[in-house]
Amino acid sequence: MTMPLSGKADSKATLDAAAWAFNIVTSVGIIMVNKALMATYGFRFATTLTGLHFAATSLMTIVLRWTGHIQSSHLPASEILKFVVCGNFSIVGMNVSLMWNTVGFYQIAKLSMIPVSCFLEVVLDKMRYSRDTKLSILLVLLGVAICTVTDMGVDAKGFTAAFVAVWATSLQQYYVHNLQRKYALGSFDLLGHTAPVQAASLLLLGPFVDYCLTNKSVNAYPYTLTSVCFIILSCTIAIGTNLSQFICIGRFSAVTFQVLGHMKTILVLALGFILFGKDGLNVKVVLGMRSESSGSLQHPTMQSNHNANHRMGGALADAEFLI
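Residues numbered from 1 in each chain as written. Predicted model: local features only at pLDDT ≥ 70, side-chain atom pairs only at ≥ 80, totals over all residues. Heavy atoms only, no water.

(A) Main features of the overall build of the protein chain. Scanning the protein chain from N- to C-terminus turns up 11 helices and 0 strands. In sequence order, the secondary structure elements of the protein chain are arranged as α-α-α-α-α-α-α-α-α-α-α. Taken over 323 residues, the protein chain has a buried fraction of 46%. Put simply, 87% of the contacts in the protein chain that link residues at least 6 apart link residues at least 24 apart. Here the protein chain has roughly 16,500 Å² of accessible surface; of this, 70% comes from carbon and sulfur atoms. (Helix = DSSP H or I, 4+ residues; strand = E, 2+ residues; numbered from the N terminus. Buried < 20%, exposed > 50% of the residue type's maximum accessible area, 1.4 Å probe, protein only. Contact = heavy atoms within 4.5 Å. Areas by Shrake-Rupley, 256 points an atom, 1.4 Å probe, with all protein chains shown as cover.)

Structure representation (structure tokens):
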């Protein structure tokens with residue numbers, strides 16, 4: 001017996017909501033744990049920590065393959081290398097951008113990943129956006145810009161770091177969606193191919209990169225039971241963060257992931273207000289949160305409707321490919 005179309009739509013909507021909830025909870029959780037780890041316990045070796053995150057994720061994929069939850073699949077070495085290079089440039093670029101730029105410009109740079117992701121999908125996938133989808137993206141851009149525009153300041157090297165970070169991150173997120181579709185890979189399968197290579201490369205390069213950024217060696221860090229527990233907790237949450245990112249981008253697109261992902265920025269701001277009082281909140285931030293939330297909530301519905309209309313038209317005649 002076939003499931004009615006309405007039942008399929010409801011089921012998909014439930015799974016979509018669960019995927020986003022999973023991503024938001026793990027992403028916000030890891031921000032809070034890493035903030036405590038770096039600010040309270042002084043473990044500021046972000047690149048090495050990310051390598052540990054991918055090492056933990058690799059162990060998870062090995063266990064899943066051993067238990068039969070990941071089936072044998074193929075991904076060419078050239079595709080893995082391309083993905084890992086973009087991913088590593090993204091991680092190092094973001095860390096350097098945050099170090100060399102103000103928080104405001106760092107956020108604005110992250111915000112610019114939305115138009116860059118749109119550009120990649122238009123050029124590489126010949127995608128076209130509806131007017132309503134463009135409007136929802138503009139609302140997100142306006143909202144986060146209002147939240148962060150009060151802290152602008154950048155020099156040439158800071159701009160270069162942000163530029164590399166934005167393009168590398170956008171390309172990496174595009175490849176997540178593209179490789180899953182091109183090679184019929186699930187989220188676990190793609191992680192199984194890429195996480196071990198990314199873990200090895202970051203654990204090799206991470207200590208050197210972190211020493212250049214902090215002028216301190218990860219080997220000289222005074223490890224304590226508490227700090228080690230926080231590192232283990234960070235790696236555990238990172239497994240969920242990495243997996244949920246692949247699930248979300250695989251189900252939607254890099255642009256939708258970026259748009260809804262900025263809801264996490266608003267949640268972090270709101271959580272900061274709850275924990276630290278109203279010093280972190282003002283009229284501009286509240287207006288920005290309102291605009292950004294409105295655009296984030298409208299985008300998936302508008303894009304879904306646009307894609308559905310396109311699929312109906314495609315049943316009658318050839319049409320342009322849309323994600």
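(B) Representation of helix α8 (residues 187–214) in the model. With 28 residues, α8 should reach 40 Å at 1.5 Å per residue; the first-to-last C-alpha distance of 34 Å falls well below that figure. G206 marks the point of greatest bend in α8, at about 40°, and the proline P207 comes within the next four residues. Once α8 ends, the next one or two residues include N215, with phi positive near 65°. (Expected span 1.5 Å × (residues − 1). Bend = angle between axes of the 7 residues up to and from the residue.)

(C) Region of the structure containing the side chain of S187. Relative to the helices and strands, S187 is located in helix α8. Leaving out residues up to four positions away in the same chain, S187 has contacts with Q180, L243, F246 and I247.

(D) Representation of the pattern of salt bridges in the model. In the structure shown here, the tally under the stated rule is 3 salt bridges. K82 is the salt-bridge partner of E79, the closest N and O atoms lying 3.0 Å from each other. Of this pair, E79 and K82 are both found in helix α3 (residues 77–100), 3 residues apart, which corresponds to roughly one turn of the helix. The residue R181 makes a salt bridge to D125 at a minimum N-O spacing of 3.4 Å. In this pair, R181 is assigned in helix α7 (residues 156–182) and D125 in helix α5 (residues 113–125), connecting sequence segments 56 residues apart. Taken together, the salt bridges that share partners define one network made up of E79, K82 and K182. (Salt bridge = Lys/Arg side-chain N within 4 Å of Asp/Glu carboxyl O.)

(E) Looking closely at the packing of α3 against α8. Here α3 crosses α8 at 30°, and the two axes come no closer than 10 Å. Between α3 and α8, the angle is such that the two are roughly parallel. The hand of the α3/α8 crossing is right-handed. In this structure, α3 contributes I80, F83, V84, G87, N88, I91, V92, N95, V96 and M99 to the contact, and α8 contributes H193, T194, V197, Q198, S201, L202, V209 and L213. Looking at the contact of α3 with α8 residue by residue, the classes come out as 11 nonpolar, 7 polar and no charged. (Axes fitted to C-alpha atoms, helices over the stretch in contact; angles between N-to-C directions. Parallel < 35°, antiparallel > 145°, perpendicular 65-115°, else oblique. Left-handed = near helix turned anticlockwise from the far one by under 90°. Nonpolar A, V, L, I, M, F, W, Y, C, P; charged D, E, K, R; others polar.)

(F) Quick peek at the environment of A17. Mapping A17 onto the fold places it in helix α1 (residues 5–40). According to the relative accessible area criterion, A17 is partly exposed, its value standing at 46%. Separated by 231 residues in sequence, A17 and C248 place their C-alpha atoms 9.8 Å apart.

(G) Representation of the nonpolar core in the model. Formed by 32 residues in total, the largest nonpolar core has its most connected members in F83 and L190. Mapped onto this core, the elements with two or more residues apiece are α2 (46–66), α3, α4 (103–111), α5, α7, α8 and α9 (225–251). With 7 residues, the single largest contributor to this core is α7. Contact partners of L190, with chain neighbours within four places excluded, come to L75, V176, L179, Q180, L185 and F246. L37, F43, A56 and Y221 belong to the second-largest nonpolar core, a separate cluster that totals 9 residues. (Core = buried A, V, L, I, M, F, W, Y, C linked by side-chain atoms within 4.5 Å.)

(H) Inspection of a nonpolar patch on the surface at higher detail. On the surface, a cluster of nonpolar side chains totalling about 570 Å² of accessible area is made up of L81, V85, F89, F159, F163 and V164. Only α3 and α7 provide two or more residues apiece to the nonpolar patch. Tracing the chain through its elements places F163 in helix α7. Since its relative accessible area comes to 46%, F163 is described here as partly exposed. (Patch = residues over 30% accessible without salt bridge, like charges linked within 9 Å, V, L, I, M, F, W, Y side chains within 5 Å.)

(I) Quick look at the packing of aromatic side chains. Here the structure, examined in full by the defined rule, presents 10 aromatic pairs. Where F43 meets F45, the ring centres are 5.2 Å apart and the plane angle is 80°; that geometry is what we call edge-to-face. In this structure F45 comes out as buried when scored by relative accessible area, which is 3%. With centroids separated by 6.2 Å and ring planes inclined at 45°, the aromatic side chains of F163 and W167 adopt a geometry described as tilted. Of this pair, F163 and W167 both sit in helix α7, separated by 4 residues, roughly a single helical turn. On the accessibility criterion, W167 (29% relative accessible area) is partly exposed. Following the ring pairs from residue to residue traces out a cluster consisting of F43, F45, Y221 and Y223. Sitting over the ring of W100, K157 keeps its end group 4.7 Å from the ring centre. (Phe/Tyr/Trp six-rings, centres within 6.5 Å; stacked < 30°, edge-to-face > 60°. Lys NZ or Arg CZ within 6 Å of the ring centre and 35° of its normal.)

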